[in-house]
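Residue strings, one per chain:
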Amino acid sequence: MSNGHAWVLGATGQIGRAAVRALAADGWEVTAASRGGGRDERWDAGVRAVKLDRDEEGALAEALGEGCDVLVDMVAFDSAHARQVTGLADRIGSAVVISSGAVYEDGQGRSFDTQAEPDGFPRYPVPLSESQATVAPGDATYGTRKVLLERELLAAGESLPVTVLRAGAVHGPYCRTPRELYVVKRLLDGRRHRFLAYGGESRFQPVHVSNVAELIRLAARSPGSRVLNAADPGAPTVAEIASSIDAVLGRETETVLIDGPPPAGHVGETPWSGAHPVVYDMTAAAEQLGYRPVTDYAESLPETVEWLAGELAGRDWREAFPKMLKNYGEGLFDYAAEDAWLAARDRGRGRGRGR
């Protein structure tokens, strides 16, 4: 028996693919909408794929037709998208919308948008709950736009129950900005040393796509107006993450731990690096939805590493992951700078022993 009709916007993205599978397996009739209108080979045959550009005037309203029981929105980024969804409240039973942990700010008003070197991540409480203050809503940054989106969606109240999911560091196949690339490419390139700033202790809690999909599945079954964190059951350090990837690929690497921030350029800087931990409190999701994670970081890692290696085969990393280049720059793999810093360090140690 069907739970009803679920519409998924951004269905062929990283989280969307997993969400469609989870909803279909849970008995929903699923329409998977994306700009390309494509399908994932792992989707159930009953999933209906449609081509849709939600930013085209009137396109979503026309495609939605008589409506749906739940709208799952992976690609809502600003107030215009919020108004688009709430404007269709008479045709949508409830909604689940992906937001981000980037909305939070610490006691000094610092956020992911405003963090200043060398502090890295803002100094958040551990764990970080949904009651933590957020940046002010606005159009200036990714974080401020997400807050504006959240507030306009939640303002719909009873006319449209919306579950907002604030995701941690999302990982899994099909990611456009896979943090694991930092480790995987080095191993595939045969690098003998790995450099980790802040003593390798940085923690930026991840969330696997299947855990986000499980939260979506549960929220679709239990509509309500709420904000919930989305994270894996643990928050491994960057050193633990790197060691886990070594194990998947069967490689050994000498890890060079650097006290404090990167000493020269980007040496030791990773996509997880920060002086302060970012660890999400998942109590509310457990209490309100009965959420239990379906996987953890280490268990899910082999699939991600295999996908990454396949994407890199015969391709330059900048071609395979242009958004990683945009976000992190060429310094992400500046091997010459790493080698020069290591050589200088070793020379310094040699002089010290000579005295």
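Refer to the structure presented above.
Keep in mind the model is a prediction, meaning the values are calculated, not measured. Within each chain, residues carry numbers counting from 1 in the order of the written sequence. The model is predicted, so local features are restricted to residues of pLDDT at least 70 and side-chain atom pairs to those at 80 or more, both for listing and for counting; the totals for chains, interfaces and linings are taken over all residues. As a rule here, side-chain values cover all heavy atoms of the structure and leave hydrogens and water aside.

Enquirer: I'm lost on empty space enclosed by the protein in this one. Help?
Expert: Sizing a probe to match a water molecule and rolling it over the atoms shows the empty space that remains. Cavity means a closed set of points on a 1 Å grid over the protein atoms alone, one where a 1.4 Å probe fits but cannot get out, pocket means an open set with protein on both sides within 12 Å along at least 5 of 7 lines, and lining means a residue has an atom within 4 Å of a point. Grid points are joined across faces, edges and corners, and a volume is the space filled by probe spheres set on the points. Counted according to the given criterion, the structure contains two cavities of 30 Å³ or more. Approximately 40 Å³ is the volume attributed to the largest cavity. Forming the walls of the largest cavity are Val183, Arg186, Leu187, Arg191, His193, Arg194 and Thr253. For the lining of the largest cavity, the secondary structure elements donating two or more residues are helix H5 (181-188) and strand E8 (193-196). Under the DSSP-based scheme used, a helix requires at least four consecutive residues in state H or I and a strand at least two consecutive residues in state E, with every element numbered from the N terminus.

Enquirer: Just to check I follow, could you spell out the packing of H5 against helix H7 (residues 238-249) for this structure?
Expert: Helix-helix packing is characterised by the crossing angle of the two axes and by the distance between the axes. Comment: axis = line fitted to C-alpha atoms, over the contacting stretch for helices; angle = value between 0 and 180 degrees taken between N-to-C directions. For the pair H5 and H7, the least separation of the axes is 10 Å and the interaxial angle reads 45°. The angle between H5 and H7 falls in the class oblique. As H5 runs across H7, the sense of the crossing is right-handed. On H7, the residues that touch Val183, Val184 and Leu187 of H5 are Ala242, Ile245, Asp246 and Leu249. Each residue belonging to the contact of H5 with H7 can be placed in one class, and the counts come to six nonpolar, no polar and one charged. Angular relationships are summarised with four words: roughly parallel below 35 degrees, roughly antiparallel beyond 145, roughly perpendicular across 65 to 115, and oblique for the angles in between. Each helix crossing is assigned a hand: it is left-handed if the near helix lies turned anticlockwise from the far helix by less than a right angle, otherwise right-handed if that turn is clockwise. Note on definitions: a residue-residue contact is assigned when non-hydrogen atoms from the two residues lie within 4.5 Å. Amino acid classes used here: Ala, Val, Leu, Ile, Met, Phe, Trp, Tyr, Cys and Pro are nonpolar; Asp, Glu, Lys and Arg are charged; the rest, including Gly, are polar.

Enquirer: Could you clarify how one ought to interpret the pattern of salt bridges in this entry?
Expert: For side chains of opposite charge, pairing can occur when their charged atoms come near one another. Any carboxyl oxygen of Asp or Glu within 4 Å of a side-chain nitrogen of Lys or Arg constitutes a salt bridge here. Inspection of the entire model under this criterion finds 22 salt bridges. Among the ionic pairs, Asp55 bridges to Arg35, the shortest N-O distance being 3.1 Å. Placement of Asp55 in the loop between strand E3 (48-51) and helix H2 (59-64) and of Arg35 in the loop between strand E2 (28-34) and E3 is noted, with a sequence separation of 20 residues between them. The rule is simple: take the accessible area with a 1.4 Å probe, protein chains only, and divide by the maximum for that residue type; under 20% is buried, over 50% is exposed, in between is partly exposed. By relative accessible area, Arg35 is classed as exposed at 56%. The partner of Arg191 in a salt bridge is Glu338, and the shortest N-O contact between them spans 3.2 Å.

Enquirer: Please clarify how unusual backbone geometry should be interpreted in this entry.
Expert: If a residue is not glycine, its phi is most likely negative; likewise, a peptide bond is most likely trans. That bond from Val126 to Pro127 is cis: its omega, 0°, falls within 30 degrees of zero. Within the secondary structure layout, Pro127 lies in the loop between strand E5 (92-100) and helix H4 (142-154). Even without glycine at this site, Tyr174 takes up a positive phi of about 75°. Within the fold, Tyr174 resides in the loop between strand E7 (169-171) and H5. Judged by relative accessible area, Tyr174 falls into the partly exposed class, the value being 30%. Positive phi values are uncommon outside glycine, yet Tyr198 reaches one of about 55°. Tracing the chain through its elements places Tyr198 in the loop between E8 and strand E9 (206-208).

Enquirer: Explain the environment of Asp259 here, please?
Expert: For Asp259, the location among the structural elements is in the loop between strand E11 (254-257) and helix H8 (283-289). A sequence separation of 227 residues divides Asp259 from Ala32, and the C-alpha atoms of the two residues are 47 Å apart.

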